[in-house]
Amino acid sequence: MTDALEPVSQSAEEEEGGPKPGIGIGVSGGGYRAMLFHLGAFLRLFELGLLKKLDRISSVSGGSITSAKIGLEWEKLNTRDDFMTHVVAPIRGLAGVTIDVPSVLWGLILPGGVGKRIANRYRKHLFGDATLQDLPDGIRFVINATNLETGKLWRFSKPYMRDYLVGKVANPKVSLADAVAASSAFPPVLSPFLLEVDPASFTEVQPGVTPDMLARISMSDGGVYDNLGLETVWKRLETVLVSDAGAATKLDPDPKGDWGRLGLRVVNIIFGQVASLRTRQVIASFDAGDRTGAYWGIRSDIANYKLADALPAPFARTSELAATPTRLAKLEPLYQERLINWGYAVCDAAVRRHFRPDAPKPAGYPYPASGV
């Protein structure tokens, strides 16, 4: 495949080189919808023994909530019960609480802005006082945000955080709650997240970067740059899995003419088209043999995987789940279980059809009585 058809840009950011042997997964954004859909997918990967074989998990937005919690609990995840206790239960607890609207309202009143309010809720429900240094060694967790000042990807990880146009901080002590809040600061209401950094902590600074660009960095949702979380795995690894909970661009029979709503509609269309282009190029690269791996999406039709023993997932029902608004808003327990079940089922179908055809079929849904 030529560079012009690559689903990610080829830039100076490739300081590590690649692709190399190994398995990585890109995990998309999409608010609580994505958080729970990916939770089901990760549960199935854990059962298949694939989660612990991953070399890199790269996430954005709602996907970063789930992946960061997995990273924090990594050493405790030895059995399926461990996964349910240390990852599934607390994430479902967060999904039962609305945090976006209250954070916006309090952010307008209190110092620190909306982003800090969101970070505080993540801290309370999932991460406590953990920092990037509490992530495990051996596997690389990358939490992606968009640097609004450069228009490039800002990557949070245990060894470093960086934007290749700005510089690098080695062994950052940034809290996990702040990193995930930056990654999930979707515009316009939850952006920007202001990351405060001591300029002296930068171990590398690019020429022409001013001190102001190092001290208070304006960030937005990682999905603004790459909603599949694809970039940092595609450039590094030969085998790539993609879990996509991105929303479709909704029909609007009466687009509004005022600048604000018209501008938002145009941005949503552009965003949707870029995400669709990345998806098509990922799948084309699998078909061409340029990468091995599998793609599954919340908008997929499980019948298209042509797997005779796939879990039952009628497209009409899964389409309802795919239409869940991109919010950090309370979801009822039954709805949570349907989203988890759907992520579990479609991940299983994609992996067994395209990546591990010898993998055993699942006994059933994680929540059998809920279906999809």
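Scoring rules and cut-offs
Residues numbered from 1 in each chain as written. Predicted model: local features only at pLDDT ≥ 70, side-chain atom pairs only at ≥ 80, totals over all residues. Heavy atoms only, no water. Helix = DSSP H or I, 4+ residues; strand = E, 2+ residues; numbered from the N terminus. Polar contact = N/O pair within 3.5 Å; in protein donor to acceptor, adjacent residues only side chain to side chain. Contact = heavy atoms within 4.5 Å. Salt bridge = Lys/Arg side-chain N within 4 Å of Asp/Glu carboxyl O. Buried < 20%, exposed > 50% of the residue type's maximum accessible area, 1.4 Å probe, protein only. Pairing = 2+ DSSP bridges. 1 Å grid on protein atoms, 1.4 Å probe; cavity = no way out; pocket = protein on both sides within 12 Å on 5 of 7 lines; lining within 4 Å. Points joined across faces, edges and corners; volume = space filled by probe spheres on them. Nonpolar A, V, L, I, M, F, W, Y, C, P; charged D, E, K, R; others polar. Axes fitted to C-alpha atoms, helices over the stretch in contact; angles between N-to-C directions. Phe/Tyr/Trp six-rings, centres within 6.5 Å; stacked < 30°, edge-to-face > 60°. Lys NZ or Arg CZ within 6 Å of the ring centre and 35° of its normal. Parallel < 35°, antiparallel > 145°, perpendicular 65-115°, else oblique. Left-handed = near helix turned anticlockwise from the far one by under 90°. pLDDT = per-residue confidence, 0-100. Core = buried A, V, L, I, M, F, W, Y, C linked by side-chain atoms within 4.5 Å.

1. So, the side chain of Thr239
- Checked against the element boundaries, Thr239 lands in strand β10 (residues 237–244).
- At 2.7 Å, the side chain of Thr239 and the side chain of Thr292 are in polar contact.
- Among all residues touching Thr239, those that are not within four sequence positions of it are Gly22, Ile23, Gly24, Thr292, Gly293 and Phe355.

2. Let's talk about the pattern of salt bridges
- Taken as a whole and assessed by the stated rule, the structure comprises 16 salt bridges.
- For Lys69, the salt bridge identified is with Glu73, shortest N-O distance 2.8 Å. With respect to burial, Lys69 and Glu73 carry one shared label: buried.
- Linked through salt bridges whose partners overlap, the residues forming this network are Arg44, Glu47, Arg80, Asp309, Asp348 and Arg352.

3. What about the pairing of strand β1 (residues 20–27)?
- Counting buried positions along β1 gives six out of eight residues, so the element sits mostly inside the fold.
- Note that β1 and β10 share six bridges and pair parallel. Looking across to β10, one finds that Gly24 is bridged to Val240.
- For β1 and strand β2 (residues 56–60), the ladder comprises four bridges, and the chain directions are parallel. For Val27, the partnering residue across the bridge sits in β2 and is Ser59.

4. Overview of the environment of Pro207
- In this structure, Pro207 sits in the loop between β8 (202–205) and α7 (212–215).
- By relative accessible area, which is 76% here, Pro207 ends up exposed.
- Taking the C-alpha atoms as reference, Pro207 lies 8.8 Å from Leu165; in sequence the two are 42 residues apart.

5. Points about the layout of surface pockets
- Its volume calculated, the second largest pocket comes out at about 460 Å³.
- Lining the second largest pocket are 20 residues; nearest its centre among them are Thr279, Ile283, Tyr295, Ser300 and Tyr305.
- Residue assignment for the lining of the second largest pocket shows that the elements contributing at least two residues are α10 (259–288) and β11 (292–297).
- Top element by residues in the lining of the second largest pocket is α10. It accounts for six residues.
- A class-by-class count of the residues in the lining of the second largest pocket yields seven nonpolar, eight polar and five charged.

6. Digging into the packing of helix α3 (residues 80–95) against helix α5 (residues 113–127)
- As a packed pair, α3 and α5 sit with axes 9 Å apart at the nearest point and diverge in direction by 145°. When α3 is examined against α5, the residues Pro90, Ile91 and Leu94 are found in contact with a partner set consisting of Tyr122, His125 and Leu126.
- Looking at the contact of α3 with α5, its residues break down into five nonpolar, one polar and no charged.

7. Some remarks on the packing of aromatic side chains
- As enumerated under the stated definition, the model contains four aromatic pairs in all.
- If you follow Arg92 out to its NZ or CZ, it ends over the ring of Tyr367, 5.1 Å from the centre.
- Over the aromatic face of Tyr160 sits the side chain of Lys168, whose NZ or CZ is 5.1 Å from the ring centroid.

8. A word on the environment of Ile340
- On the secondary structure map, Ile340 appears in helix α12 (residues 333–354).
- Not counting the four nearest positions on each side in its chain, Ile340 is found in contact with Leu36, Leu39, Gly40, Arg92 and Tyr367.

9. Focus: the packing of helix α2 (residues 61–72) against helix α6 (residues 176–183)
- Closest axis-to-axis distance for the α2/α6 pair is 8 Å, and the angle between their directions is 160°. Looking at the two axes, α2 sits roughly antiparallel to α6. Taken as a pair, α2 and α6 cross one another with a handedness that is right-handed. Across the interface between the two elements, Ser61, Ser64, Ile65, Ala68 and Leu72 of α2 pack against Leu176, Val180 and Ser183 of α6.
- Broken down by class, the residue content of the contact of α2 with α6 amounts to five nonpolar, three polar and no charged.

10. Let's talk about the confidence of the model for the protein
- Looking at the protein as a whole, the pLDDT averages 89, with 87% of positions reaching at least 70.
- Low pLDDT, under 50, characterises residues 10–15; the predicted model gives this stretch 18 contacts beyond four residues in sequence or across chains.

11. Notes on the nonpolar core
- Grouped together as the largest cluster of nonpolar side chains are 97 residues, with contacts concentrated most on Phe83, Tyr122, Phe156 and Trp296.
- For this core, the leading source of residues is helix α1 (residues 31–47), giving eleven residues.
- Those residues in contact with Phe156 that lie beyond four places of it in its chain are Leu132, Phe141, Val142, Ile143, Ala145, Met161, Val174, Ala179, Ala182, Leu195 and Met219.
- One finds Val233, Val240, Phe286 and Tyr295 within the second-largest nonpolar core, a separate group that totals nine residues.

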